[in-house]
Amino acid sequence: MVGKVYIVQPEVARPQGGVNVAFSFAELLAKNGQPASVHFQTDSFVYPFVDSAPDTTFSPFSEPGPDNLRAWMKHLRRTAKTPKPKRVPRSNRAQMPDPGDFVILPEYSYHLQADRFGDVPHGVLVQDVYGGLRGTFRPLAQGLKRSPALRGFITTSQASSELVSSLSDLPHAKVPLFVDSKAFSYVEPKKRQIAVMPRKRRADVETMVDLIRAEPRLAGFETCLIEGVPYERVLEILGESLIFLSFSWQEGFGLPPAEAMARGCIVIGYPGIGGREYFDPAYSYPVPDDDFAGFFGRICEVCAAYDAGPAEFDAMRRRASEAILGRYTREKTQASLMRAVADLAPHLPQRP
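In this text, all values refer to a predicted model and were calculated from it rather than measured experimentally.

J.: Just to check I follow, could you spell out unusual backbone geometry for this structure?
T.: Even without a glycine there, the phi angle at Gln250 is positive, about 50°. A positive phi angle, close to 75°, is found at Asp290, a residue other than glycine. Inspection of the secondary structure puts Asp290 in the loop between β13 (285-286) and α9 (292-308). With relative accessibility at 58%, the residue Asp290 sits in the exposed group.

J.: What is the right way to read helix α4 (residues 129-141) from this model?
T.: Along an α-helix, a turn takes 3.6 residues, which lines up residues three or four apart on a common side. At Gly135, α4 shows its strongest bend, of approximately 25°, with the proline Pro139 following within four residues. Taken as a whole, α4 has its buried residues at Val129, Gly131, Gly132, Gly135, Thr136, Phe137 and Pro139. The inward-facing, buried residues of α4 contact α3 (110-113), β6 (122-126), β7 (150-155) and α5 (158-167). Near the N-terminus of α4, the side chain that reaches the backbone nitrogen of Tyr130, with its oxygen 3.0 Å away, is that of Asp128. In the stretch just after α4, Gly143 is the one whose phi turns positive, near 115°.

J.: For this particular structure, what's the right way to read the nonpolar core?
T.: Among soluble globular proteins, nonpolar side chains are generally buried collectively. Ranked by size, the top nonpolar core spans 85 residues in total, and within it Leu245, Ile266, Ile268 and Ile299 carry the most contacts. Of all the elements, helix α1 (residues 17-31) adds the most residues to this core, at 8 residues. Setting aside its immediate chain neighbours within four residues, Ile299 contacts Ile194, Met208, Ile212, Leu218, Leu245 and Ile268. Val103, Ala114, Val129 and Leu150 belong to the second largest nonpolar core, which has 19 residues in total.

J.: Help me understand the sheet that holds β7 in this model?
T.: With parallel pairing, 8 strands are arranged side by side in an open sheet as β4-β3-β2-β1-β5-β6-β7-β8. The open sheet has two edge strands, β4 (93-94) and β8 (172-174), and neither has a second partner. In this sheet, strand β3 (residues 55-58) lies alongside strand β2 (residues 36-40) in parallel orientation, the contact comprising 4 bridges. When the sheet's bridge partners are listed, Val38 is paired in β3 with Thr56. Sitting on the sheet, α5 is in contact with β6, β7 and β8, with an inclination near 170° to β8.

J.: Help me understand the pattern of salt bridges in this model?
T.: Once their charged atoms are close, side chains differing in charge can pair, the charge on each being opposite to the other. Across all of its chains, the model carries 20 salt bridges by this definition. Across the salt bridge formed by Arg201 and Asp290, the nearest N and O atoms sit 2.6 Å from each other. Of this pair, Arg201 sits in the loop between β9 (191-196) and α6 (202-214) while Asp290 sits in the loop between β13 and α9, and the two are 89 residues apart along the sequence. For Arg217, the salt bridge goes to Glu215, with nearest N and O atoms at 2.9 Å. Here the salt bridges do not stand alone but share partners, grouping Glu188, Asp314, Arg317 and Arg318 into one network.

J.: Help me out: how do you make sense of the environment of Leu144 in this one?
T.: With respect to the helices and strands, the residue Leu144 is situated in the loop between α4 and β7. Leu144 sits 47 residues away from Lys191 along the chain, and the two C-alpha atoms are 53 Å apart.

J.: Sorry if this is basic, but what is going on with the packing of α4 against α5 here?
T.: Geometrically, a packed helix pair is captured by the angle between its two axes and the distance between the axes. In contact at an axis separation of 9 Å, α4 and α5 are set at 30° when each is read in the N-to-C sense. Relative to α5, α4 is oriented roughly parallel. Handedness of the α4/α5 crossing: right-handed. On α5, the residues touching Val129, Gly132, Leu133 and Phe137 of α4 are Ala159, Ser160, Leu163, Val164 and Leu167.

J.: Is there a simple way to think about the sheet that holds β9 in this case?
T.: Sheet strands associate in pairs through backbone hydrogen bonding, adopting either a parallel or an antiparallel arrangement. Reading across the sheet, the 5 strands line up as β10-β9-β11-β12-β13 and stay open at both edges, with parallel pairing between neighbours. Of all strands in the sheet, those with a lone pairing partner are β10 (222-225) and β13, marking the two edges. The pairing of β9 with β10 spans 4 bridges and is classified as parallel. Residue Gln193 lies in a different strand from β10, and its bridge partner there is Glu222. In this fold helix α8 (residues 255-262) packs onto β11 (241-247) and β12 (266-270), with an angle of close to 165° to the strand it touches most, β11. Across the face of the sheet, α9 comes into contact with β9, β11, β12 and β13 while running at roughly 165° to β12.

J.: What is the right way to look at the pairing of β2 in this model?
T.: Consecutive residues of a regular strand have side chains that alternate between opposite faces of the sheet. Counting buried residues in β2 gives 5 out of 5 residues, a clear majority hidden from the surface. Taking every second residue as pointing to the same face, both faces of β2 are buried, with Ala36, Val38 and Phe40 on one and Ser37 and His39 on the other. Across 4 bridges, the pairing between strand β1 (residues 5-8) and β2 is parallel. From the neighbouring strand, Val8 faces β2, where its bridge partner is His39. Handedness of the β-α-β unit built from β1, α1 and β2 comes out right-handed.

Reading the values: rules and limits
- Along each chain, residues carry numbers from 1 onward, in the same order as the chain's sequence is written.
- Confidence filtering applies because this is a predicted model: local features only for residues at pLDDT of at least 70, side-chain atom pairs given and counted only at 80 or more, and all residues used for totals across whole chains, interfaces and linings.
- No hydrogens and no water enter the side-chain calculation; it runs on all heavy atoms of the structure.
- Only DSSP runs of H or I covering at least 4 residues are called helices, and only runs of E covering at least 2 are called strands; the numbering of each starts at the N terminus.
- Residue exposure (1.4 Å probe, protein chains only): buried if accessible area is under 20% of the type maximum, exposed if over 50%, otherwise partly exposed.
- Working definition for bend: take the seven residues up to and ending at a residue and the seven starting at it, fit an axis to each, and measure the angle between the axes.
- Note on definitions: a residue-residue contact is assigned when non-hydrogen atoms from the two residues lie within 4.5 Å.
- Counting of polar contacts relies on pairs of N or O atoms within 3.5 Å, with two restrictions inside protein: one atom must be capable of donating a hydrogen and the other of accepting it, and residues adjacent in sequence are counted only when both atoms are side-chain atoms.
- Side-chain atoms within 4.5 Å link the members of a nonpolar core, which is a set of buried Ala, Val, Leu, Ile, Met, Phe, Trp, Tyr and Cys residues.
- Between any two strands, pairing holds if DSSP finds at least two bridges.
- Only C-alpha atoms enter the line fits that serve as axes; for helices the fit covers just the stretch in contact. Angles between N-to-C directions range over 0 to 180 degrees.
- We define a salt bridge as a contact between a side-chain nitrogen of Lys or Arg and a carboxyl oxygen of Asp or Glu at a distance within 4 Å.
- Roughly parallel covers angles under 35 degrees, roughly antiparallel covers those over 145, roughly perpendicular covers 65 to 115, and oblique covers all other angles.
- Put simply, a crossing is left-handed when the front helix is turned counterclockwise from the back one by less than a right angle, and right-handed when it is turned clockwise.
- Handedness of a crossover: with both strands directed away from the viewer, a clockwise path from the first strand across the helix to the second marks it as right-handed.

Right, here's the structure in full:
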């Protein structure tokens, strides 16, 4: 199919925010008349961690050229240690992008895939700031030849936008992420529950949970780990929890704390670089990265203050939800994404 957008993604066996975003982008493009798919490298891979169901395609990807062979072997060793994803027969259709299409490559593996599609116009989706540094900009600084087919970058946060602006002279378009206002609607009544997602800084999370459970000042507050549960259970936990602890680390944006704010949680913790654009002290409690003692102290302070007078905190929770759901909307993401594709891939047929 001529004039299609292919969003290339890895075949991973666990939920990853960046892959979730790729699925939502493909779905938004298709709904607005721009053919798009999430593109893998095998015909049988299934990513079961999202509700959306855009088109999925594949084309084989073997070893890159000799200049990238060492990086490719390191990549194979790393991925060999991860659990194998679920596979079913023939779930993805075979399609090879051609020069009439547009390919979007992930920032963390651009150094491996820069030549994968030859002269097909392509862009780089920069979600993870540090993934962009390691997979795109450092390899270019070390001598990786920039493909003449590279048209520019798409960024998804203030942090990733600043990175690209400072390190590249190519065009780039910012496409803000969205928080689903239906799924992550505000919840007023809450349990005395502290939720935490141990996807980053696991050792610190486990230490913090042990300290909370042993602290007399926090008696009566339960802790709940959000891990290995269905999407519906995540929504339920965030809806019932009064407090969400953010252990974000080197994020491009960091959706979980924003989603927790939308659900009416008091969010305390690390912005993780990318979260600084929405960790507003007017309705959240940012803690300097790695200040563990300050983090624990702030939890104790907030819980004591809440018990002394919850009305002020309840008003703050509502302000936080309104701010997140008003700023990060599906409509803004959709409009920005369509403009980004039009700007970086003007050769595609214009869509109404």
